[in-house]
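Residue-level structure breakdown
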Amino acid sequence: MTGVPAPAAGGSGAPGTRGAAGAPDAPRAGISGTGTTGSGTTGSPVSGTSASGKGATGAGAAGAGVSGAGTSGTGVSGGQGPKTPRGGKLIDAAVNQASVWNVANLLTMLRLVLVPGFVALMLADGGYDPVWRAWAWAAFAVAMITDVFDGHLARTYNLVTDFGKIADPIADKAIMGAALICLSYLGDLPWWVTGVILGRELGITLLRFWVIRYGVIPASRGGKLKTLTQGIAVGMYVLALTGPLATLRFWVMAGAVALTVVTGADYVRQAIVLRREGIAERKAAAEEAEA
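Notes on the structure follow.

What counts and how
Residues numbered from 1 in each chain as written. Predicted model: local features only at pLDDT ≥ 70, side-chain atom pairs only at ≥ 80, totals over all residues. Heavy atoms only, no water. Salt bridge = Lys/Arg side-chain N within 4 Å of Asp/Glu carboxyl O. Helix = DSSP H or I, 4+ residues; strand = E, 2+ residues; numbered from the N terminus. Buried < 20%, exposed > 50% of the residue type's maximum accessible area, 1.4 Å probe, protein only. Phe/Tyr/Trp six-rings, centres within 6.5 Å; stacked < 30°, edge-to-face > 60°. Lys NZ or Arg CZ within 6 Å of the ring centre and 35° of its normal. Axes fitted to C-alpha atoms, helices over the stretch in contact; angles between N-to-C directions. Parallel < 35°, antiparallel > 145°, perpendicular 65-115°, else oblique. Left-handed = near helix turned anticlockwise from the far one by under 90°. Nonpolar A, V, L, I, M, F, W, Y, C, P; charged D, E, K, R; others polar. Expected span 1.5 Å × (residues − 1). Polar contact = N/O pair within 3.5 Å; in protein donor to acceptor, adjacent residues only side chain to side chain. Contact = heavy atoms within 4.5 Å.

A closer look at the pattern of salt bridges
Tallied over the full model, the rule gives six salt bridges. Note that Arg133 is salt-bridged to Asp188, the shortest N-O span being 2.9 Å. With Arg133 in helix α6 (residues 130–156) and Asp188 in the loop between α7 (162–185) and α8 (191–210), this pair connects stretches of sequence that are 55 residues apart. Take Asp188: its relative accessible area is 24%, and that puts it in the partly exposed class. Asp266 is the partner of Arg269 in a salt bridge, and the nearest nitrogen-oxygen pair spans 3.0 Å. Placement of both Arg269 and Asp266 in helix α10 (residues 244–290) is noted, with a separation of three residues, approximately one turn of the helix. Residues participating in the shared-partner salt-bridge network are Arg111, Asp147 and Asp172.

This is the structure in structure tokens:
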């Protein structure tokens, strides 16, 4: 009776010892499988086989397999990166295109609106009331100031649009032309002065279009000085000045007319040179292509 439990105890203890010894081998096999193949799926069945039927070890091997699979999935998803939606380029182009309703174009529109208002103020009450002339001068001054700022804003903040390219020079010439015509109509300025200034502006505009296929004639310092002098002279004539100031405005206008003629001739010279160089370059390119 006493010896019977001993073998049973020893017998039960022996398998337990073998099971305990076999249990550590299973995780090692699972780790080895995971590290070698880089996949938890391969390590999982090997660990389960070496576990000697132990469910806990099998679960640990399966857990290693799941961990490996999760790592692999994370790597694949991270490598793909975000995809660009269909039509994304068109959306980007629409966003990058400057809106017509930007600050620079609004200032240009303001100048266009000021033209009829200026004419109405200039001719109010027969055109000789100092108060109405002062209001007309204020409208002209606002138009000339906005002319300076709208171009600067468009170039600085990338607000250049097709509308601005067309409307800006029209607004400039419209306010200046309206002022000159009103002054000549009222007898304050000789018609030949108005003809010289407006003829020059129209001629240079047509000249730019004539040579645009060969290049663009840049605005010179003389041209900018001419515009400034014209604005000051016309503004002084719009005001009902008398005495020494009336004499001064005559000389300022004489300087504006002189700059108008000189810079106009320089633009003609530049246009001729630009066209000649453009024709020569095209001819050389054609000869090189034939050779």
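Next comes the rest of the write-up.
Considering the packing of aromatic side chains
The final tally for this structure, using the stated rule, is two aromatic pairs. Ring centres of Phe118 and Phe140 lie 6.0 Å apart, and the angle between their planes is 45°; on these two criteria the pair is classed as tilted. Of this pair, Phe118 sits in helix α5 (residues 103–123) while Phe140 sits in helix α6, placing them 22 residues apart in sequence. What makes Phe118 buried here is its relative accessible area of 0%. Taking the relative accessible area as the measure of exposure, Phe140 reaches 2% and is therefore buried. Measuring from ring centre to ring centre gives 5.3 Å for Phe250 and Trp251, while their planes differ by 80°; the resulting arrangement is edge-to-face. Take Trp251: its relative accessible area is 58%, and that puts it in the exposed class. If you follow Arg249 out to its NZ or CZ, it ends over the ring of Tyr237, 4.5 Å from the centre.

Looking at the packing of α5 against α6
It is at 9 Å that the axes of α5 and α6 come closest, and there the two elements cross at 160°. As summarised for this structure, α5 and α6 are arranged roughly antiparallel, according to the angle between their axes. Crossing handedness for the pair α5 and α6: left-handed. Tallied by class, the residues present in the contact of α5 with α6 amount to 18 nonpolar, two polar and four charged.

Topic: α6
Spanning 27 residues, α6 covers 39 Å between terminal C-alpha atoms, matching the ideal 39 Å at 1.5 Å per step. The backbone nitrogen of Val131 lies 2.9 Å from a side-chain oxygen of the residue at the head of α6, namely Asp129. Asn158, located one to two residues past α6, shows a positive phi value of around 55°.

Some words on the side chain of Gln270
Tracing the chain through its elements places Gln270 in helix α10. Polar side-chain contacts of Gln270 include one of 2.8 Å to the side chain of Asp266. Each residue touching Gln270, except ones within four places of it in the same chain, is listed here: Ile217 and Pro218.

A look at helix α9 (residues 221–238)
End to end, α9 covers 26 Å across 18 residues, agreeing with the expected 26 Å (1.5 Å per residue, within 8%). Within α9, the full set of buried residues consists of Gly223, Lys226, Thr229, Gln230, Gly231, Ala233, Val234, Gly235, Met236, Tyr237 and Val238. On its buried side, α9 packs onto α5, α6, α7, α8 and α10.

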